[in-house]
Amino acid sequence: MIAIALRTLRHRPGGFAATFLSAFLGASLLMAFASLLDTAAGADEASAESLGTTASVAGGWCLVIVVFAVTSTLSLAVRQRGEQFAVLRRAGATGPQLRRMIVGEAVAVAVLAAAVAVPVGLASGRVLLGLLKDTGQVAEGVGYAFGPVALAAGFGVTLVGAVIAGFATSRRTSRMGVKRERPRARRIAAGLFLGAAAGCAVLTATVMDGKGIDAMQTAGQAGIWGSIGLALLAPELLRLTGSGGQLASAVMPVTLFSGIATGTVYMQGIEDDAAAGQIRPDYARDIQTLNYVVVGMITVFVAIMLVNTLIAATVHRRREFAQLRLAGATRGQVTTMVAGEALRVTVTGILAGSAASLFTILPFGSARTGEIWPSATIAPYAVIAAIAVLLTATATLGTTRRSIRGPALLRA
Amino acid sequence: MTDAVRVESLYRTYDAGTPVTALDGVSAAFAAGTFTAVMGPSGSGKSTLLQCAAGLDRPSAGRVFLGGVELTATGDTAMTKFRRERAGFVFQDYNLLSALTVEQNVVLPLRLAGRRPDRGRVRAVLGTLGLTERAGELPERLSGGQRQRVAVARALVGEPAVIFADEPTGALDLRSAREVLALLRTAVRDFGRTVIMVTHDPMAAAYADTVLFLADGRLAGQLSAPTPEAVAAHLTELVAA
């Protein structure tokens, strides 16, 4: 079975590009942050504490996003090959055999991705350490170390993530007969995440009220959980705007991106306003750096995930486009149709993300300044929305144009 | 002599909002070494009957025996294992894996069963089907008729007792269709296999020893030594009824 899996991988490497890329980026980020723990082992106490905080807080966020991204890209890759698995099933593959094959593929991709991520993680870790030194949080003399913690975290999390994602996906695929999406598990998960978000938000507004910058921890988490929760509800949200669930996989990354980015940037904005003219604790700058680093990294990460999801989703529809062209649709008409869909995806995602970011912004504003609605400008929000539109439009239209180039003939 | 395949009171209902009955109490026996065509108007349940008899689908009620062993009494994995030992399949849309070469596709069921393919046997089958030259190529480079021959080779190579064919000529031109039907015929006559074939084409059905008719999920007649004209006449009657 593994031999068949590897042959399929070699034959269609493109189908796994998204999984590979998200696993690679995830492993790089995890290794970069985890290497700070390796570095901390040889540092003075104050530096070590600062390194530890950075690694655990930022690394934890990355972990959640990585697992989410690898799972969603892998299940997309597997779903696209649903026909192939049906063929194997009819050729006499048992459920456990298919499961081994899917998990085997996922592990192969993850190992490769983690191996390629080593040099990138090493370099990024060095840059992170440089940032922490520049802001005075880590002593100048501390030397960079990339060791067992970084490797274990990078390989371990990516592999475990891939195995879990593989099992979860194969459970659906290996069943005989008609397979149906089971929205209940997804909705329950969404409910749990939203519950966690609400819990963190309430905690921020009550327990953390007056705790100053410390409220960021729970407030930041509230936004992340909220974004994931709403991202999981993408099919339902799309139904609200009157379009099918087909585009749901594209709405997820837009929601995550706009939710986490908006929440974190505005949270930092509120903090900066509130702290203006005050004496701030030493680690305030620490956290400020960290917030922007995390937003930057998560933005890049989610952006690539978004582009890949969209490319995969569009490529998957090559046949549909070809049929539309055969039925007499001009290239312009197909492009217009896809542009309309992309717009719906973006708007739905941005709206959901904005709602999720309120889990961070409202309670943090209340806890930090006593004002629920921040007095910040709309500029950063506009920038984030513009980035989301730009990414979605480029990815969708670029891929569509490529897949409908040439005559209207059906291509297998 | 035990029948190669026997189904007893098969029922199959689908839940598609309102329940749809595809099979409404079908009992039939298929003797070893015979070629049977299953025909009926679309929606008559003929494909469902084939899928249930072959262990690709599970009936809502009733029993399926393959080589005297009750298939319906086993679990999913056991059913798959049993099916791949005893049965071969040919489908309308070929069902070949695009990542595998012709030869790899042919030996896939053997590999899945953990059996080592006998090279000589594989060569012989590929030779019989005129695929020797194509053994190393990917399916996407073959014509429809060639692809279906690969599927027939795959069904034959494991020397299964029964070959199930679901509209095997549905996507083929006349000449390729005749080739495939002749191959199935040869498998029965010269190698003692049992073939059960679903088709809507009276010409294809005439290659069989017996034609079984289905309508609305129930048996609706039988023809021995069929001719295309007799089959067509019976079908017209069924549609008119």
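Computed from a prediction, not measured in an experiment: that's the story for all the values here.

Caption draft 1: Local environment of the overall build of chain A. On a plain count of helices and strands, chain A comes out with 14 helices and 0 strands. Reading the secondary structure of chain A in the N-to-C direction produces α-α-α-α-α-α-α-α-α-α-α-α-α-α. Across the 412 residues of chain A, 48% fall into the buried class.

Caption draft 2: Representation of the overall build of chain B in the model. When its secondary structure is counted, chain B shows 8 helices and 10 strands. For chain B, restricting intrachain contacts to residue pairs at least 6 apart in sequence, the fraction spanning at least 24 positions comes to 67%.

Caption draft 3: Local environment of unusual backbone geometry. All names here are of chain B. Located in the positive-phi region is E167, a residue other than glycine, with phi close to 50°. The topology assignment puts E167 in the loop between β7 (162-166) and α6 (174-191). Positive phi, close to 45°, is recorded for A225, a residue that is not glycine. Among the secondary structure elements, A225 is positioned in the loop between β10 (218-224) and α8 (228-240).

Caption draft 4: Spotlight on the environment of D93 of chain B. Residue and element names in this part refer to chain B. Along the chain, D93 turns up in the loop between β6 (87-91) and α3 (102-112). For D93, a count of 15 C-beta atoms within 10 Å puts it in the partly exposed group. As for D93 and E167, which are separated by 74 residues in sequence, their C-alpha atoms are 8.7 Å apart.

Caption draft 5: The arrangement of the packing of helix α2 (residues 17-40) of chain A against helix α5 (residues 95-134) of chain A in detail. Residues and elements named next belong to chain A. Running from amino to carboxyl end, α2 crosses α5 at an angle of 45°, the nearest separation of the two axes being 6 Å. The orientation of α2 relative to α5 falls into the category oblique. Considering only the axes of α2 and α5, their crossing is right-handed. When grouped by side-chain class, the residues that make up the contact of α2 with α5 number 19 nonpolar, 7 polar and no charged.

Caption draft 6: Quick look at the interface of chain A and chain B. Between chain A and chain B, the contact holds 17 residues from the first and 18 residues from the second. Among the elements of the structure, α1 (2-11), α4 (82-90) and α5 of chain A are those that each provide at least two residues to the side of chain A that touches chain B. Partitioned by chemical class, the residues of the side of chain A that touches chain B number 6 nonpolar, 8 polar and 3 charged.

Caption draft 7: How the structure looks around the pairing of strand β4 (residues 61-66) of chain B. Residue and element names in this part refer to chain B. In this sheet, strand β5 (residues 69-70) lies alongside β4 in antiparallel orientation, the contact comprising 2 bridges. Among the inter-strand pairings, F65 is bridged to a residue of β5, identified as E70. The hairpin formed by β4 and β5 contains 2 residues between the paired strands, and G67 there has a positive phi angle of roughly 60°.

Caption draft 8: Expanded view of the pairing of strand β3 (residues 35-39) of chain B. Residues and elements named next belong to chain B. When you tally the buried positions in β3, you get 5 out of 5 residues, the bulk of the element. Here β3 shows no split at all, with F35, A37 and M39 on one side and T36 and V38 on the other all buried. Bridging between β3 and strand β8 (residues 194-198) involves 4 bridges; their strand directions are parallel. Bridge pairing links T36 to I196 in β8. Where β3 and strand β9 (residues 210-215) come together, 4 bridges link them in parallel fashion. Paired with M39 across the two strands is F213, which belongs to β9.

Caption draft 9: Structural context of the sheet that holds β8 of chain B. All names here are of chain B. Sheet architecture is open: 6 strands sit in the order β6-β7-β8-β3-β9-β10, paired in mixed fashion. Of all strands in the sheet, those bounded by a partner on one side alone are β6 and β10. Direction aside, neighbouring strands of the sheet carry axes that sit 20° apart on average. Two strands pair when backbone bridges link them, and β6 and β7 are joined in this way by 5 bridges, in the parallel orientation. Each bridged residue has a counterpart across the sheet, and for F89 the counterpart in β7 is F164. Where α6 meets the sheet, it contacts β3, β7 and β8, and its direction lies at approximately 150° from that of β8. Set on the sheet, α8 makes contact with β3, β9 and β10; between it and β10 the angle comes to about 160°.

Caption draft 10: Highlighting the packing of helix α4 (residues 119-128) of chain B against helix α5 (residues 144-157) of chain B. Residue and element names in this part refer to chain B. Put simply, α4 and α5 touch, their axes get as near as 10 Å, and they point 140° apart. Crossing handedness for the pair α4 and α5: right-handed. The residues of α5 that touch α4, namely those facing R121, V122, V125 and L126, are A153, L156 and V157. Taken together, the residues of the contact of α4 with α5 sort by class into 6 nonpolar, no polar and 1 charged.

Caption draft 11: Expanded view of the nonpolar core. By size, the foremost hydrophobic cluster in this structure holds 197 residues, and its most contacted members are L30, A34 and V251 of chain A together with V38, A153, L184 and I196 of chain B. Ranked by residues supplied to this core, first place goes to α2 of chain A with 15 residues. Of the domains in this structure, domain 1 (1-180) and domain 2 (184-412) of chain A are the two that each give at least three residues to this core. Those residues within four positions of L30 of chain A in sequence are excluded, and the remaining contacts are G59, C62, L63, V66, A153, G154 and V157 of chain A.

Caption draft 12: Spotlight on the confidence of the model for chain B. In the predicted model, chain B carries a mean pLDDT of 89, and the fraction of residues at 70 or more is 99%. Interface confidence in the predicted complex, given as ipTM, is 0.75; pTM for the same model is 0.69.

Rules used throughout
- Residues numbered from 1 in each chain as written.
- Chains lettered and ligands numbered in written order.
- Predicted model: local features only at pLDDT ≥ 70, side-chain atom pairs only at ≥ 80, totals over all residues.
- Helix = DSSP H or I, 4+ residues; strand = E, 2+ residues; numbered from the N terminus.
- Buried ≥ 20, exposed ≤ 12 C-beta atoms within 10 Å, placed from the backbone.
- Contact = placed C-beta atoms within 7 Å.
- Axes fitted to C-alpha atoms, helices over the stretch in contact; angles between N-to-C directions.
- Parallel < 35°, antiparallel > 145°, perpendicular 65-115°, else oblique.
- Left-handed = near helix turned anticlockwise from the far one by under 90°.
- Nonpolar A, V, L, I, M, F, W, Y, C, P; charged D, E, K, R; others polar.
- Pairing = 2+ DSSP bridges.
- Core = buried A, V, L, I, M, F, W, Y, C linked by C-beta atoms within 7 Å.
- Domains from an automatic or database assignment.
- pLDDT = per-residue confidence, 0-100.

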